[in-house]
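Remarks on the overall topology
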Amino acid sequence: MKFNNTLATAITLALASASGSVLAEVTLYDYQEATSTYSDAYINGQFNATDGNGHGQTAYNADISLDVENVRSSPNRNLTTRFNADGTISRSSAANAGSVSNYIASGSATVDNYFRPNSKGAFWYGSGELGLKKDQEDPFSKIGVGLGYGRVVNVTPMAKAIRLVEALTIQGALKRTPAKATYQTIANIIARESEYKSRFGIAKYQQNWISDVEKTLVESGHLNGSLKAGGVIEARDVLVDERISTRKHGWLVRAGLGVVLSNFDGSDGGDPSLDVGAEYHRPLSNSTQFSNVASFSTIYGDDDASYRLANALSVTHEMSDKIDWENAWLMDYSKSGTDGAQDVTSNAVSSTLRYYLNNQLDLNITGKVSNTDDGVANNGNDDTDTSVNMGVSYRLR
């Protein structure tokens, strides 16, 4: 009997230890994708002005941009739409110099259709692009189709679930840390925010949304009765008022053929293109996101083939509930197919500290180093540019 009691105690301790180990290892990688939608939409503004000795007039530079990304995920397909617009107006310090303005806008849509639903394997895709630029004869437009492999999963719901459990634990509402399955259930409820808005309306969805999270915690035995007023307020602070940057996990590659329907320079469309792309996203921790997106496109026209290679690398670290530190390196190389035209290489490295006043508004300061090599001397961009700008960003959704 003594041996049996000792054995039972040992097994109980081992299971408790294993359970504790599992609970301690809950990460963003534990999220199993549910059908979800997420949208990021921002208006960003920056302005600076200088005046003083040697200035014929006050010099200024203003920049406003709009960045929108919408991703709808389901077991069968992912639909991604993007829109970016940037406008600038500036004036030099030379006496009587006039202002100079510019704008550029682009939009794209890509749908990835998986041959096997709910897999991270092969898919076929269709895509379309449209671009506008000041003082150009025509818009740029292009369509394409191709094949790909892999999948990128939006794991932001799990990041919010982890943050919510942390907040409720500190607040004292939870008896113990939930198991992975409970985290997953909470994350799936969070991912269905747009569904709750449709069912209950903007004014009342939060009550039902948070109530279903509460029911999950009660049914799993981690909550005594209910969240009570303090717990509900804490949950709303995390899920509604607090801004958590988008987190992604996974990789994919794609290759396909496209057709340029129209060009900025007004030349005839119909030129074929070969397009290759790759993405890699990995949360380095629950508070740090790494992303890299690369693309290669070549167009075959009447002249020699031209091509463009672009790469965007970023690392975002959540320093606190109110501060994000964003770092990025953008590289772009364009080779012209026109005789006598120069190749152009540009690099830009930036670092931004973003302070969130609330879920929609933030103040930011950005340090940036950029360089453009176009093979042309004395055209105003020979030197490396450095700048420090303060700005405001407003989140539309």
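No experiment lies behind these values; they were computed from the predicted model shown.

Cut-off values and rules
- Residues numbered from 1 in each chain as written.
- Predicted model: local features only at pLDDT ≥ 70, side-chain atom pairs only at ≥ 80, totals over all residues.
- Heavy atoms only, no water.
- Helix = DSSP H or I, 4+ residues; strand = E, 2+ residues; numbered from the N terminus.
- Buried < 20%, exposed > 50% of the residue type's maximum accessible area, 1.4 Å probe, protein only.
- Areas by Shrake-Rupley, 256 points an atom, 1.4 Å probe, with all protein chains shown as cover.
- Patch = residues over 30% accessible without salt bridge, like charges linked within 9 Å, V, L, I, M, F, W, Y side chains within 5 Å.
- Salt bridge = Lys/Arg side-chain N within 4 Å of Asp/Glu carboxyl O.
- Pairing = 2+ DSSP bridges.
- Expected span 1.5 Å × (residues − 1).
- Arc of directions from axis to C-beta.
- Contact = heavy atoms within 4.5 Å.
- Axes fitted to C-alpha atoms, helices over the stretch in contact; angles between N-to-C directions.
- Parallel < 35°, antiparallel > 145°, perpendicular 65-115°, else oblique.
- Left-handed = near helix turned anticlockwise from the far one by under 90°.
- Nonpolar A, V, L, I, M, F, W, Y, C, P; charged D, E, K, R; others polar.
- Phe/Tyr/Trp six-rings, centres within 6.5 Å; stacked < 30°, edge-to-face > 60°.
- Lys NZ or Arg CZ within 6 Å of the ring centre and 35° of its normal.

Within the protein, the secondary structure is distributed over 6 helices and 14 strands. The buried share of the protein, taken over its 397 residues, is 35%. For the protein, the accessible area works out to roughly 21800 Å², and carbon and sulfur atoms hold 56% of it.

Taken together, the side chains of M319, I323, W325, L353, Y355, L357, L363, I365, V388, M390 and V392 present a nonpolar region at the surface, about 1000 Å² in accessible area. Elements represented by at least two residues in the nonpolar patch include exactly strand 11 (323-335), strand 12 (344-356), strand 13 (361-373) and strand 14 (385-395). If one sorts the elements of the nonpolar patch by residue count, strand 14 sits on top with 3 residues. Along the chain, M390 falls in strand 14.

A few words now on the pairing of strand 13. Sheet topology note: the strand 12/strand 13 ladder contains 12 bridges and is antiparallel. The residue of strand 13 that forms the bridge with V349 is V369. Linking two consecutive strands that pair antiparallel, namely strand 12 and strand 13, is a turn of 4 residues.

Let us now look at helix 6 (residues 228-241). What sets the pattern is the α-helix's 3.6 residues per turn: residues three or four places apart point alike. Its 14 residues give helix 6 an end-to-end C-alpha distance of 19 Å, which sits within 8% of 20 Å, the value for a rise of 1.5 Å per residue. Of all the positions in helix 6, only G231, A235, V238, L239 and V240 are classed as buried. All buried residues of helix 6 project into a common sector of 165° when viewed along the axis, lining one side. Counted as exposed and oriented over 90 degrees from the buried face of helix 6: A229 and I233. Buried residues along helix 6 sit against helix 2 (156-171), helix 3 (180-191) and helix 5 (205-219).

The next point concerns the packing of helix 2 against helix 3. Two elements in contact, helix 2 and helix 3, have axes separated by 8 Å at closest approach and are oriented at 120°. By the criterion of interaxial angle, the relationship of helix 2 to helix 3 is oblique. Taken as a pair, helix 2 and helix 3 cross one another with a handedness that is right-handed. Contact residues: P157, M158, K160, A161, I162, L164 and V165 in helix 2; Y183, Q184, I186, A187, I190 and A191 in helix 3. When its residues are assigned to classes, the contact of helix 2 with helix 3 shows 11 nonpolar, 1 polar and 1 charged.

What follows concerns the packing of aromatic side chains. Evaluation of the coordinates by the stated rule reveals 7 aromatic pairs. Between F296 and Y307 the ring centres are 5.6 Å apart and the planes differ by 40°, which places this aromatic pair in the tilted class. In this pair, F296 sits in strand 9 (residues 288-299) while Y307 sits in strand 10 (residues 306-318), placing the two residues 11 residues apart along the sequence. On the accessibility criterion, F296 (29% relative accessible area) is partly exposed. Put simply, the rings of F296, Y307 and Y333 touch in pairs and so form one group of aromatic residues. The ring centre of Y114 lies 4.2 Å from the NZ or CZ of R151, which sits over that ring. Across from the ring centre of Y125, 4.8 Å away, lies the NZ or CZ of R254, which sits over that ring.

These values are about where atoms sit, not about what they do.
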